[in-house]
Amino acid sequence: SQQGEEDPQALSIQEGENATMNCSYKTSINNLQWYRQNSGRGLVHLILIRSNEREKHSGRLRVTLDTSKKSSSLLITASRAADTASYFCATSGGWGKFQFGAGTQVVVTP
Amino acid sequence: SQTIHQWPATLVQPVGSPLSLECTVEGTSNPNLYWYRQAAGRGLQLLFYSVGIGQISSEVPQNLSASRPQDRQFILSSKKLLLSDSGFYLCAWRKQLLSSGANVLTFGAGSRLTVL
């Protein structure tokens, strides 16, 4: 079963708006990561947040982590058409395994 | 620089035929390598994980097998493909971030397999 589950499954917004997606996980983690996948391509790592961090920023990305609720959120501010992609959260557990959620498909329209 | 290559990019195979997908990594040694499968519109399913030559961990019983004949080469195979083997196959290697020391995955471009 998937460790992380993203919500919503799909999100449609206009350029300039913010996009927020959530991720829930089940077990203890060392860190939580967010990846982006353009259609038909491999995933690209975006940002990582450690279990002892609550918030992290990178450019237009903001990630929060609530370990008590086993959840994380990814906020993309001032969305652009180029942000259209699927976004996945992933958790890193024992033995170097990475578990991915089902992803949130984001469509940004001009 | 460190790069990861996958081929072929696209493959259409009949049911019952064999499969071989190859993944190679450049610019690093003794990488941890992964094979994931992604069904259409779905998340990633971990298939195999390798920490070194000849060391393969199978995560899900499948009609698939993996081999690591060389340090930077990871091969996904099947003797007889099933319709359910169709999907997007992604190879990845575990990379350590210089900024934090944490490990993240770097993915290849993927191999799309259609079994007819």
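Residues numbered from 1 in each chain as written. Chains lettered and ligands numbered in written order. Predicted model: local features only at pLDDT ≥ 70, side-chain atom pairs only at ≥ 80, totals over all residues. Heavy atoms only, no water.

Quick look at the packing of aromatic side chains
Tallying each qualifying case throughout the model produces 9 aromatic pairs over all chains. Here Tyr35(A) and Phe107(B) contribute two aromatic rings whose centre-to-centre distance is 6.0 Å and whose plane-to-plane angle is 85°, an arrangement assigned as edge-to-face. Highlighted residues: Tyr35(A) in strand S4 (residues 31–37) and Phe107(B) in strand S10 (residues 103–107), drawn from two different chains. Accessibility expressed as a relative area gives 9% for Phe107(B), which makes it buried. Here a set of aromatic residues connected by ring pairs shows up, and it is made of Tyr35(A), Phe98(A), Phe100(A), Tyr34(B), Tyr36(B), Tyr49(B) and Phe107(B). (Phe/Tyr/Trp six-rings, centres within 6.5 Å; stacked < 30°, edge-to-face > 60°. Helix = DSSP H or I, 4+ residues; strand = E, 2+ residues; numbered from the N terminus. Buried < 20%, exposed > 50% of the residue type's maximum accessible area, 1.4 Å probe, protein only.)

A word on the interface of chain B and chain A
In many reports, interface size means the accessible area that the parts give up when they come together. At the junction of the two partners, chain B supplies 24 residues and chain A supplies 20 residues. Across the chain B to chain A interface the summed buried area is about 1,600 Å²; carbon plus sulfur atoms make up 56%. Considering only the side of chain B, the residues that lose the most area to chain A are Leu44(B), Leu105(B) and Phe107(B), jointly responsible for 25% of the buried surface there. Here chain B is connected to chain A by 1 salt bridge. Note that Lys97(A) and Glu59(B) form a salt bridge whose closest N and O atoms lie 3.3 Å from each other. Our enumeration of links across chain B and chain A arrives at 6 residue pairs in polar contact (both at pLDDT 80 or more). (Contact = heavy atoms within 4.5 Å. Buried area = accessible area lost by both parts, 1.4 Å probe. Salt bridge = Lys/Arg side-chain N within 4 Å of Asp/Glu carboxyl O. Polar contact = N/O pair within 3.5 Å; in protein donor to acceptor, adjacent residues only side chain to side chain.)

Thoughts on the nonpolar core
Ranked by size, the top nonpolar core spans 21 residues in total, and within it Met21(A), Leu32(A), Trp34(A), Leu74(A) and Tyr87(A) carry the most contacts. Elements with a minimum of two residues in this core: strand S2 (10–14), strand S3 (19–24), S4, strand S5 (43–50), strand S7 (61–66), strand S8 (71–76), strand S9 (85–92) and strand S11 (104–109) of chain A. When sequence neighbours within four positions are dropped, the list of residues in contact with Leu74(A) reads Ala19(A), Thr20(A), Met21(A), Trp34(A), Leu61(A), Arg62(A), Val63(A) and Tyr87(A). Counting residues in each nonpolar core, the second largest holds 20 residues, with Leu11(B), Cys23(B), Val25(B) and Leu47(B) among its members. (Core = buried A, V, L, I, M, F, W, Y, C linked by side-chain atoms within 4.5 Å.)

Quick look at the pairing of S5(A)
All names here are of chain A. Here 7 bridges tie S4 to S5, and the two strands are oriented antiparallel to one another. What sits directly across from asparagine 31, in S5, is arginine 50. Taking the residues between adjacent antiparallel strands as the criterion, S4 and S5 are bridged by 5 residues, where glycine 40 takes a positive phi near 75°. (Pairing = 2+ DSSP bridges.)

Points about the sheet that holds S3(A)
Residue and element names in this part refer to chain A. What the 5 strands build is an open sheet, ordered S1-S3-S8-S7-S6; its pairing is antiparallel. Among the strands making up the open sheet, the edge pair consists of strand S1 (5–7) and strand S6 (55–58). Pairs of neighbouring strands in the sheet enclose a mean axial angle of 20°, with direction left out of account. Where S6 meets S7, 4 bridges bridge the pair, whose relative direction is antiparallel. Paired with glutamate 55 across the two strands is threonine 64, which belongs to S7. (Axes fitted to C-alpha atoms, helices over the stretch in contact; angles between N-to-C directions.)

Things to note about the state of the cysteines
Within this structure, the stated rule accounts for 2 disulfides over all chains. Across the disulfide, Cys23(A) is cross-linked to Cys89(A) (sulfur-sulfur distance 2.0 Å). As the torsion about the S-S bond is roughly 70°, the Cys23(A)-Cys89(A) disulfide counts as right-handed. Of this pair, Cys23(A) sits in strand S3 while Cys89(A) is found in strand S9, placing the two residues 66 residues apart along the sequence. Of the two residues, Cys23(A) and Cys89(A), neither departs from the other in class, the shared state being buried. In this model Cys23(B) forms its disulfide with Cys91(B); the gap between the sulfur atoms is 2.0 Å. Across the S-S bond linking Cys23(B) and Cys91(B), the dihedral sits near -70°, which makes this disulfide left-handed. Of this pair, Cys23(B) sits in strand S3 (residues 19–26) while Cys91(B) sits in strand S9 (residues 87–96), placing them 68 residues apart in sequence. (Disulfide = S-S within 2.5 Å.)

Such coordinate-based values are descriptive only and should not be taken to indicate function.
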